[in-house]
Amino acid sequence: MKKRVSIKDIAKQLNISITTVSFVINGKAREKNISESLTKKVLELVAELNYQPNTLATSLRTGKTKIIGFLVDDISEPFFSGIARRIDEIASSLGYKILFSSTRNDTEKAIELLQIFKDRHVDGYIMALPEGLEDEVKKLIQTDAPVVLFDRYVQDVKTDYVIIDNLKSTYEATEHLIKNNYKKIGFVTIDTLQQQMVDRLAGYEAAVEKYNLPAIVKKIKYVNSADSIEEMIKFFKAEKQLDAVVFAANYICLDGLRTFRKLGIQIHKDIAVVSFDDFEILEFCEPPVTAIAQPLEAIAENVMKILLNKLKKAGKPIENMQVSLPTILNVRGSSAKK
């Protein structure tokens with residue numbers, strides 16, 4: 001078996017100190033006043049010998065693993081996968097690796113995954129906080145572990161977070177329907193205390209109240225798509241007076257579109273539709289569906305900016321940052337005037 005090349009081998013071959021080689025490899029040559037010519041020799045030999053750093057030894061020496069834990073409900077959802085993609089790009093460019101995990105709305109699994117992150121000594125945590133994990137995250141924060149939440153937050157969990165203005169977003173989407181002459185507007189959401197969903201419902205309710213319209217809300221006890229569709233079939237059969245509906249998340253909207261197909265309901269002709277979260281499929285509906293678009297790249301970039309700042313200032317007191325970003329209402333044919 002070929003012996004693994006070490007920093008010691010490189011130093012011996014160039015007749016310089018191990019410390020000098022380490023400074024060059026870690027990008028500190030200029031800071032340590034190492035000449036350009038020597039830096040070039042070190043880097044050329046590193047490439048020639050295909051030197052690979054021993055990540056375990058490095059993490060033991062520095063106390064850093066250059067690994068970040070990323071925990072969400074379902075990473076296959078367009079919203080989460082879009083954010084994960086951009087976070088991975090930023091992390092990779094800075095030498096970090098991401099451990100991506102999905103809880104599938106299972107609290108026990110979420111706790112297990114969090115323990116795996118701890119066992120791997122991740123440098124920081126990025127989470128769309130799952131229900132039931134609040135106490136675990138509080139304990140984590142008390143150890144001064146860098147934790148950044150996104151998509152949702154819990155008022156008594158004091159940490160950094162990046163969210164969008166959920167209340168204003170659904171208020172404006174509902175008002176858009178009202179101004180296009182829709183008067184019987186339903187709101188389909190999930191039965192949850194997650195703050196982002198509570199805020200979305202509050203935005204809808206504020207809009208219909210302002211215009212003296214009835215609030216027609218369906219809360220689904222979400223387990224899976226099949227059960228969701230069954231609940232929606234009953235809802236839309238019972239609420240035949242509806243002339244518009246706002247779906248509170250992209251997966252709820254997808255189940256709603258499947259429900260319409262089963263019931264023979266036509267978008268816009270029978271009922272106007274707005275989805276919270278924009279995703280590609282909506283553009284291919286007939287007519288295309290109006291949607292609230294979240295700024296995925298801006299969310300990811302703010303999350304990483306906050307986390308990297310916390311990692312840089314580890315051990316120093318630093319104020320928590322709470323960032324709230326605006327959304328864009330992409331108006332399409334599904335919500336055109338009556």
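Residues numbered from 1 in each chain as written. Predicted model: local features only at pLDDT ≥ 70, side-chain atom pairs only at ≥ 80, totals over all residues. Heavy atoms only, no water.

J.: What is the right way to look at the sheet that holds strand 7 (residues 216-220) in this model?
T.: Note: strands within a sheet are paired through backbone hydrogen bonds, in either parallel or antiparallel orientation. Taken together, the six strands give an open sheet; going across it, the order is 7-6-8-9-10-12, and neighbouring strands pair in mixed fashion. This sheet does not close on itself; its edge strands, each paired only once, are strand 7 and strand 12 (328-330). Mean inter-strand twist for the sheet, computed between neighbouring axes without regard to direction, equals 20 degrees. The pairing of strand 6 (residues 185-190) with strand 7 spans five bridges and is classified as parallel. (Pairing = 2+ DSSP bridges. Helix = DSSP H or I, 4+ residues; strand = E, 2+ residues; numbered from the N terminus. Axes fitted to C-alpha atoms, helices over the stretch in contact; angles between N-to-C directions.)

J.: In this structure, what is going on with the nonpolar core? I would like to understand it.
T.: Where a protein is soluble and globular, its nonpolar side chains tend to be buried together. Counting residues in each nonpolar core, the largest one holds 68 residues, and the members touching the most others are F150, F236 and F247. Two domains each put at least three residues into this core: domain 2 (65-164 + 297-326) and domain 3 (166-294 + 329-335). Every residue in contact with F247, bar those within four places of it in the chain, is listed here: V188, M232, F236, I252, C253, G256, F260, V273, V274, S275 and F276. Ranked by size, the runner-up nonpolar core spans 21 residues in total, among them F117, V122, Y125 and Y153. (Core = buried A, V, L, I, M, F, W, Y, C linked by side-chain atoms within 4.5 Å. Buried < 20%, exposed > 50% of the residue type's maximum accessible area, 1.4 Å probe, protein only. Domains from an automatic or database assignment. Contact = heavy atoms within 4.5 Å.)

J.: Mind showing me how you'd approach the pattern of salt bridges here?
T.: Two side chains that carry opposite charge are able to pair once their charged atoms sit near each other. Taken as a whole and judged by the stated rule, the model has 14 salt bridges. Here K310 ties to D160 by a salt bridge, and the two come within 2.6 Å at their closest N and O atoms. Placement of the pair is K310 in helix 12 (residues 296-312) and D160 in strand 5 (residues 160-164), with a sequence separation of 150 residues. The exposure classification of K310 matches that of D160, with both residues buried. Between K210 and E175 there is a salt bridge, and its shortest N-O distance comes to 3.8 Å. One end of the pair, K210, is in helix 9 (residues 195-210); the other, E175, is in helix 8 (residues 166-179), with 35 residues separating them in the sequence. Within the structure, one salt-bridge network assembled from shared partners comprises D73, D151, R152 and R200. (Salt bridge = Lys/Arg side-chain N within 4 Å of Asp/Glu carboxyl O.)

J.: Please clarify how helix 9 should be interpreted in this entry.
T.: Since the α-helix packs 3.6 residues into each turn, any two residues three or four apart lie on the same face. Here helix 9 spans 22 Å end to end across 16 residues, near enough to the 22 Å set by a 1.5 Å rise per residue. Of the residues making up helix 9, those classed as buried are Q195, Q196, M197, D199, R200, L201, G203, Y204, A207 and V208. Where helix 9 is buried, its residues meet helix 8, strand 6, strand 7, helix 11 (250-263) and strand 9 (272-276). Just downstream of helix 9, N212 is the residue with a positive phi angle, here 55 degrees. (Expected span 1.5 Å × (residues − 1).)

J.: Hey, could you run me through the sheet that holds strand 11 (residues 322-325) in this one?
T.: With respect to topology, six strands assemble into an open sheet ordered 2-1-3-4-5-11, the strand pairing being parallel. The open sheet has two edge strands, strand 2 (97-102) and strand 11, and neither has a second partner. Averaged over all neighbouring strand pairs, the angle between strand axes comes to 15 degrees, with direction disregarded. Where strand 3 (residues 124-127) meets strand 4 (residues 147-150), three bridges bridge the pair, whose relative direction is parallel. Across the sheet, residue I126 finds its bridge partner in strand 4, namely V148.

J.: Before we go on, may I ask you to explain the domain arrangement of the protein in this structure?
T.: Many analyses report the size of an interface as the accessible area lost when the parts associate. Annotation of the protein at the domain level lists domain 1 (7-53), domain 2 (65-164 + 297-326) and domain 3 (166-294 + 329-335). The straight-line distance from the C-alpha centre of domain 1 to that of domain 3 is 60 Å.

J.: What should I look at first to understand the environment of L325 in this one?
T.: Position of L325 among the secondary structure elements: in strand 11. Note: C-alpha distance between L325 and P288 (37 residues apart in sequence) is 25 Å.

J.: So what exactly am I meant to see when it comes to the side chain of S102 here?
T.: Assignment of secondary structure puts S102 in strand 2. One polar contact links the side chain of S102 to the main-chain amide nitrogen of I75, over a distance of 2.9 Å. (Polar contact = N/O pair within 3.5 Å; in protein donor to acceptor, adjacent residues only side chain to side chain.)

J.: What is the right way to read the environment of E175 from this model?
T.: In this structure E175 comes out as buried when scored by relative accessible area, which is 14%. Linking E175 and G95, residues 80 residues apart in sequence, is a C-alpha distance of 45 Å. The residues contacting E175, other than those within four sequence positions of it, are A207, K210 and Y211.

J.: Even after reading the chapter, I still don't get unusual backbone geometry, so can you show me in this structure?
T.: Across the chain, the bulk of peptide bonds are trans and the bulk of non-glycine residues have phi less than zero. Geometrically, the link from E286 to P287 is a cis peptide bond, its omega value of -5 degrees lying close to zero. You can see P287 is positioned in the loop between strand 9 and strand 10 (290-293). A positive phi angle, close to 75 degrees, is found at D151, a residue other than glycine. You can see D151 is positioned in the loop between strand 4 and strand 5.

J.: I tried to follow the packing of aromatic side chains on my own but got confused; where do I start?
T.: Both the distance between ring centres and the angle between the ring planes are used here to describe each pair of aromatic rings. All chains considered together, the criterion is met by 13 aromatic pairs. On the numbers, 6.1 Å between centres and 85 degrees between planes, the contact of F80 with F150 is edge-to-face. In this pair, F80 sits in helix 5 (residues 78-93) while F150 sits in strand 4, placing the two residues 70 residues apart along the sequence. As far as burial versus exposure is concerned, F80 and F150 are alike and both buried. Measuring from centroid to centroid gives 4.8 Å for Y153 and Y161, while their planes differ by 15 degrees, and the two rings are stacked. Across the pair, Y161 and Y153 agree in class, each one buried. One aromatic cluster in this structure is built from F70, F79, F80, F100 and F150. In this arrangement the basic side chain of K66 is found over the ring face of Y96, its NZ or CZ atom lying 4.0 Å from the centre. A cation sits over an aromatic face here: R200 above F276, 3.7 Å from the ring centre. (Phe/Tyr/Trp six-rings, centres within 6.5 Å; stacked < 30°, edge-to-face > 60°. Lys NZ or Arg CZ within 6 Å of the ring centre and 35° of its normal.)

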